[in-house]
Amino acid sequence: EKFKVEHELDPKTTPSYATNYVILNTIRLMERHVGLGIELGLYPNWYDLSTALWYRDFLLSALINVRGSIERERMQRREMDLRIKLEEEEEERKAKTQLLQQSKKKGKTKKTKKSSKLLASPSPTTSALTAESAVKTTEEDFEDRLDYTSLLLHRNLCRGLVRYIAALRQAELLCDPPASITMFTTHQKRFEKRFEAFSTLYQPPSLSYEDYVRGSDFSSVQSKDLLSSSTDCFRSGKGIVDWLLNVVVVESCDGSTIDKTDKRKDDDLYISIRREEIMALAKVCVTNSLFLHKLASAKAGQKNASTSVAVEFKAHKQYCTISIT
């Protein structure tokens, strides 16, 4: 605020400066806001749910990008610290070598020479150990990787569900939104009201209804490509689930035998996801993949007029399974 006043900047058009850390946590709160809205049933119909999943997909993508940026900066700082440490060690070695040479010129005794030489000789493993410590994975690194991988899983699910719903729309298996929902309002106003809380934030800027219309328009995408894209999202999500189940082990495992830079127990306080939720997300991936395959097979054959679609939240509270019967 002081900077804006000093440089006479218009506060209405000049966004507030925020560090990556602030933006990261702001986006995380926004993403959880949408996720809890889905869990509480604030998006009861497929058209409302598709809007929420589309927005959540954007927030998760932004969250992944910011986390990646922070991680790159952290690695650069670590490399810089290593470089500085190596340079300091090199300067110290040169100073000791120079001191040894001066001692030789002054005719030091053999004992003094040997002790000075021993003192001046650098340890052959010092640089190797320093370099190894720079690339070695720490417990905090593993926790960050686990959180980052969990975000990728959530994004794949959101993206897959948005495309799954779009494929069902193309197959004419979902009814159009009733005209009554826009009797006293518009789709744009409904969108703005749903995400009105985000408009109060300068960073990151909120999405507009026009952004949603452009981003959710799959009319130019062929049905087989849409089905393939959605299937790939759930298949990729299942691969992430398998990795998570491998590194987040059950509580009954012996904790003394677990390397915390590679695996964690399910009751660990510092992990971002639990086995129970991982198993639930696995059900979402597998169930939707099976019905996507069924939808693709049905489109190849004759369309059944009695086909019905059911959206359920039995497997997970925030990610639905869409069954075709």
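How each quantity is defined
- Along each chain, the written sequence defines residue order, and numbers are assigned to residues from 1.
- In keeping with the predicted nature of the model, local features appear solely for residues at pLDDT of at least 70, side-chain atom pairs appear and are counted solely at 80 or more, and the whole-chain, interface and lining totals rest on all residues.
- Neither water nor hydrogens contribute to the side-chain values; these are computed over all heavy atoms in the structure.
- Under the DSSP-based scheme used, a helix requires at least four consecutive residues in state H or I and a strand at least two consecutive residues in state E, with every element numbered from the N terminus.
- Between two residues, a contact is recorded if the distance between any of their heavy atoms is within 4.5 Å.
- For every accessible area listed, the method is Shrake-Rupley and the probe measures 1.4 Å; residues are considered covered only by the protein chains on display.
- One less than the residue count of a helix, multiplied by 1.5 Å, gives the span that helix is expected to have.
- Using a 1.4 Å probe on the protein chains alone, a residue whose accessible area is under 20% of its type maximum counts as buried, one over 50% counts as exposed, and one in between counts as partly exposed.
- For every residue, the predictor states its confidence as a pLDDT score lying anywhere from 0 to 100.
- Here, any two strands with at least 2 DSSP bridges between them count as paired.
- Ring pairs are drawn from Phe, Tyr and Trp, using the six-membered ring of Trp, whenever the two centres fall within 6.5 Å, and their geometry is named by plane angle: stacked under 30 degrees, edge-to-face over 60, tilted for the rest.
- Note on terminology: a nonpolar core comprises buried Ala, Val, Leu, Ile, Met, Phe, Trp, Tyr and Cys residues joined through side-chain atoms within 4.5 Å.
- Note that a disulfide, as used here, is simply two cysteine sulfur atoms within 2.5 Å.
- Note on patches: the residues involved have over 30% relative accessible area and no salt bridge, like charges join within 9 Å, and the nonpolar side chains Val, Leu, Ile, Met, Phe, Trp and Tyr join within 5 Å.
- In what follows, salt bridge is the name for a side-chain nitrogen of Lys or Arg lying within 4 Å of a carboxyl oxygen of Asp or Glu.
- In summary, the charge assignment counts Lys and Arg as positive and Asp and Glu as negative, without counting His or the chain termini.
- Just so you know, the charge point we use is NZ for Lys, CZ for Arg, CG for Asp and CD for Glu.

**Topic: the overall build of the chain**
Regarding its fold elements, the chain presents ten helices and four strands. Helices and strands appear in the chain in the N-to-C order α-α-α-α-α-α-α-α-α-β-β-α-β-β. A sequence separation of at least 24 residues applies to 75% of the contacts in the chain between residues at least 6 apart. Of the roughly 20100 Å² of accessible surface on the chain, 54% is carried by carbon and sulfur atoms.

**Thoughts on helix 9 (residues 223-247)**
Helical geometry note: an α-helix holds 3.6 residues per turn, so side chains three or four residues apart project in the same direction. Its 25 residues give helix 9 an end-to-end C-alpha distance of 37 Å, which sits within 8% of 36 Å, the value for a rise of 1.5 Å per residue. Those residues of helix 9 lying buried are Ser-223, Leu-226, Leu-227, Ser-230, Cys-233, Phe-234, Gly-237, Ile-240, Val-241, Leu-244 and Val-247.

**A closer look at unusual backbone geometry**
The peptide bond linking Gln-203 to Pro-204 adopts the cis configuration, its omega dihedral lying at -5 degrees. A positive phi angle is found at Glu-172, which is not glycine, with a value near 60 degrees. Assignment of secondary structure puts Glu-172 in the loop between helix 6 (139-170) and helix 7 (187-194).

**Overview of the confidence of the model for the chain**
In the predicted model, the chain carries a mean pLDDT of 85, and the fraction of residues at 70 or more is 84%. For the chain, helix 4 (residues 110-120) is the element with the lowest average pLDDT, namely 48, and helix 9 is the one with the highest, namely 96. Note on residues 116-122: pLDDT under 50 across the span, and eight contacts to partners over four residues away in sequence or across chains.

**A look at the pairing of strand 4 (residues 321-324)**
Residues Thr-321 and Ser-323 line one face of strand 4 and the alternating positions Ile-322 and Ile-324 line the opposite face, and both faces are buried. Direction of pairing for strand 3 (residues 309-312) relative to strand 4: antiparallel, over a ladder of four bridges. Note on strand 4: the bridge partner recorded for Val-311 is Ile-322.

**So, the packing of aromatic side chains**
Tallied over the entire structure, the rule returns twelve aromatic pairs. Ring geometry for Tyr-55 against Phe-191: centres 6.3 Å apart, planes inclined by 25 degrees, an arrangement best described as stacked. Pair noted here: Tyr-55 is in helix 3 (residues 46-105) and Phe-191 is in helix 7, with a separation of 136 residues, a long-range link. Joined through ring pairs, the aromatic side chains of Trp-54, Tyr-55, Phe-58, Phe-191, Phe-195, Phe-198, Tyr-209 and Tyr-212 make up one cluster.

**Some points on the nonpolar core**
Tyr-55, Leu-157, Tyr-164, Leu-168 and Leu-295 are the most contacted members of the largest nonpolar core, which has 66 residues in total. Going through the elements one at a time, helix 2 (20-39), helix 3, helix 6, helix 8 (209-215), helix 9, helix 10 (275-300) and strand 4 are the ones with two or more residues in this core. The residues contacting Leu-295, other than those within four sequence positions of it, are Tyr-164, Ala-167, Leu-168, Ala-171, Leu-173, Leu-227 and Ile-324.

**Observations regarding the state of the cysteines**
Taken as a whole, this structure holds zero disulfides when the rule is applied. Just so you know, Cys-158 is unpaired, no disulfide at all, and the nearest cysteine sulfur is the one on Cys-320, 9.8 Å from it. Its relative accessible area of 0% is what places Cys-158 among the buried residues.

**Some thoughts on a negative patch on the surface**
Among the surface-exposed residues, Glu-139, Glu-140, Asp-259 and Asp-262 lie close enough to one another that they form a single negatively charged patch. Turning to its location among the elements, Glu-139 is positioned in helix 6. The class for Glu-139 is partly exposed, based on a relative accessible area of 36%.

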